[in-house]
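# Descriptive structure summary
Chain by chain, the residues:
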Amino acid sequence: MGDFMIGIGVLLAIIGPLLLIPVAWLLYRFALRPLASRLAGARLSSNDTSRFALGLTVGILAAVIAASYYPGKQQFDELCAEHAKPQLSRRVLVDGFYADNLFAYQAAQYIQNGEFTFVEAPDPYKRDVYLRYERDSDGNVSPEVIEAPVSRFGLRQSFSELRGGMTMTEKVIYERTADTELARAASVTYMGGPFSLFLGAYAISSCPDPVTAKGSEAFNTFYHLETLVLRSR
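Here is a short report on the structure shown in this document.

Definitions and limits used
Residues numbered from 1 in each chain as written. Predicted model: local features only at pLDDT ≥ 70, side-chain atom pairs only at ≥ 80, totals over all residues. Heavy atoms only, no water. Axes fitted to C-alpha atoms, helices over the stretch in contact; angles between N-to-C directions. Helix = DSSP H or I, 4+ residues; strand = E, 2+ residues; numbered from the N terminus. Parallel < 35°, antiparallel > 145°, perpendicular 65-115°, else oblique. Left-handed = near helix turned anticlockwise from the far one by under 90°. Contact = heavy atoms within 4.5 Å. Nonpolar A, V, L, I, M, F, W, Y, C, P; charged D, E, K, R; others polar. Buried < 20%, exposed > 50% of the residue type's maximum accessible area, 1.4 Å probe, protein only. Phe/Tyr/Trp six-rings, centres within 6.5 Å; stacked < 30°, edge-to-face > 60°. Pairing = 2+ DSSP bridges. Salt bridge = Lys/Arg side-chain N within 4 Å of Asp/Glu carboxyl O. Arc of directions from axis to C-beta. Right-handed = clockwise from strand over helix to strand, strands pointing away.

### Observations concerning the packing of helix α2 (residues 20-40) against helix α3 (residues 46-83)
In the contact formed by α2 and α3, the axes pass within 8 Å of each other and the chain directions differ by 130°. Looking at the two axes, α2 sits oblique to α3. Judged by the sense of rotation from one axis to the other, the crossing of α2 with α3 is right-handed. Two secondary-structure elements touch here, α2 through Leu20, Val23, Ala24, Leu27, Tyr28, Leu32, Arg33, Ala36, Ser37 and Ala40 and α3 through Ser46, Thr49, Ser50, Phe52, Ala53, Leu54, Leu56, Thr57, Ile60, Leu61 and Ile65. Residue composition of the contact of α2 with α3, by class: 15 nonpolar, five polar and one charged.

As structure tokens, then:
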């Protein structure tokens, strides 16, 4: 799956900028070249007029893409500075936890990976119904309806679509009885603005950035936050 996603990213990186070629040609051929000819008249040769129109085409497209990209990128940088560094104030060792939002396959992953022996969560399909996931006598992970969760610690995970083509996923580990935070981490992604298609994969920015050593460490902390905080030994 990882190789497939890398292949898609490379394909987008190649195809996206190539889409600018037909757009530039249409703009040059049917708008700026005729306009340059009318404005220049007999003062410029045909070749000079063509070069002027071509330069104008490139300049306009560059200005439009830059104007669509950089305002969102500035907001993205501000969000990264505020949220991208994980905040861990306390670690504990527990056998299970409560998740505010969880599907059965996600609960099974926690237990099958040996990270936790149980996970509690609201039923994703029924209101005011709580489930406890743990292994049954056959070794399978199955849910059991419970009256109320008893876990002391919880995981709150939220996904937000922000203006400017940004998304943010945030995790918070908290103590349920006191509603105090033990840890918080987030991942922010910027798709590149309204004309990001023409920049391909080069338009996409994310933080923490797993390409760098520091960013990779922060991203791993975000991705494994519940395990790092709730299974600390």
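### Let's talk about unusual backbone geometry
For the bond running from cysteine 207 to proline 208, omega is 0°, close enough to zero to count as cis. Along the chain, proline 208 turns up in the loop between β9 (205-207) and α5 (213-223). The backbone of aspartate 128 shows a phi angle near 60°, a positive value even though the residue is not glycine. Structurally, aspartate 128 can be placed in the loop between β3 (118-122) and β4 (130-135). Under the relative-accessibility criterion, aspartate 128 is labelled exposed at 71%. Phi angles above zero are rare outside glycine, and aspartate 179 is one such case at about 55°. Structurally, aspartate 179 can be placed in the loop between β7 (166-175) and β8 (180-190).

### Observations regarding the packing of aromatic side chains
Per the stated rule, a full pass over the model turns up 13 aromatic pairs. With centroids separated by 5.8 Å and ring planes inclined at 85°, the aromatic side chains of tryptophan 25 and phenylalanine 30 adopt a geometry described as edge-to-face. By relative accessible area, which is 48% here, tryptophan 25 ends up partly exposed. Measuring from ring centre to ring centre gives 6.1 Å for phenylalanine 219 and phenylalanine 222, while their planes differ by 45°; the resulting arrangement is tilted.

### A closer look at the pairing of strand β6 (residues 153-162)
With two bridges connecting them, strand β2 (residues 96-99) and β6 associate as parallel partners. By the bridge assignment for β6, tyrosine 98 is matched with glycine 154. Pairing geometry for β6 and β7, over 10 bridges, is antiparallel. Looking at β7, one finds that leucine 162 is bridged to methionine 166.

### Considering the pattern of salt bridges
This model, assessed by the stated rule, comprises 12 salt bridges. A salt bridge links lysine 171 to glutamate 226, with the nearest nitrogen and oxygen atoms 3.0 Å apart. Pair noted here: lysine 171 is in strand β7 and glutamate 226 is in helix α6 (residues 225-230), with a separation of 55 residues, a long-range link. We classify glutamate 226 as buried; its relative accessible area is 4%.

### Structural notes on helix α4 (residues 104-112)
Among the residues making up α4, those that are buried are Ala107, Ala108, Tyr110 and Ile111. All buried residues of α4 lie within an arc of 160° about the axis, which places them on one face of the element. Seen from the buried face of α4, the exposed residues on the opposite side, beyond 90 degrees, are Tyr105 and Gln112. Buried residues belonging to α4 abut β2, β3, β4, β5 (141-146), β6 and α6.

### Description of the pairing of β3
Of all five residues making up β3, four are buried, and the element is well covered by its neighbours. Relative to β3, β2 is paired through three bridges, and the arrangement is parallel. What sits directly across from tyrosine 98, in β3, is glutamate 120. For the segment spanning β2, α4 and β3, crossover handedness is right-handed. Where β3 lies against β4, five bridges are found, and the strand directions are antiparallel. Across the sheet, the residue bridging to alanine 121 is leucine 131, located in β4.

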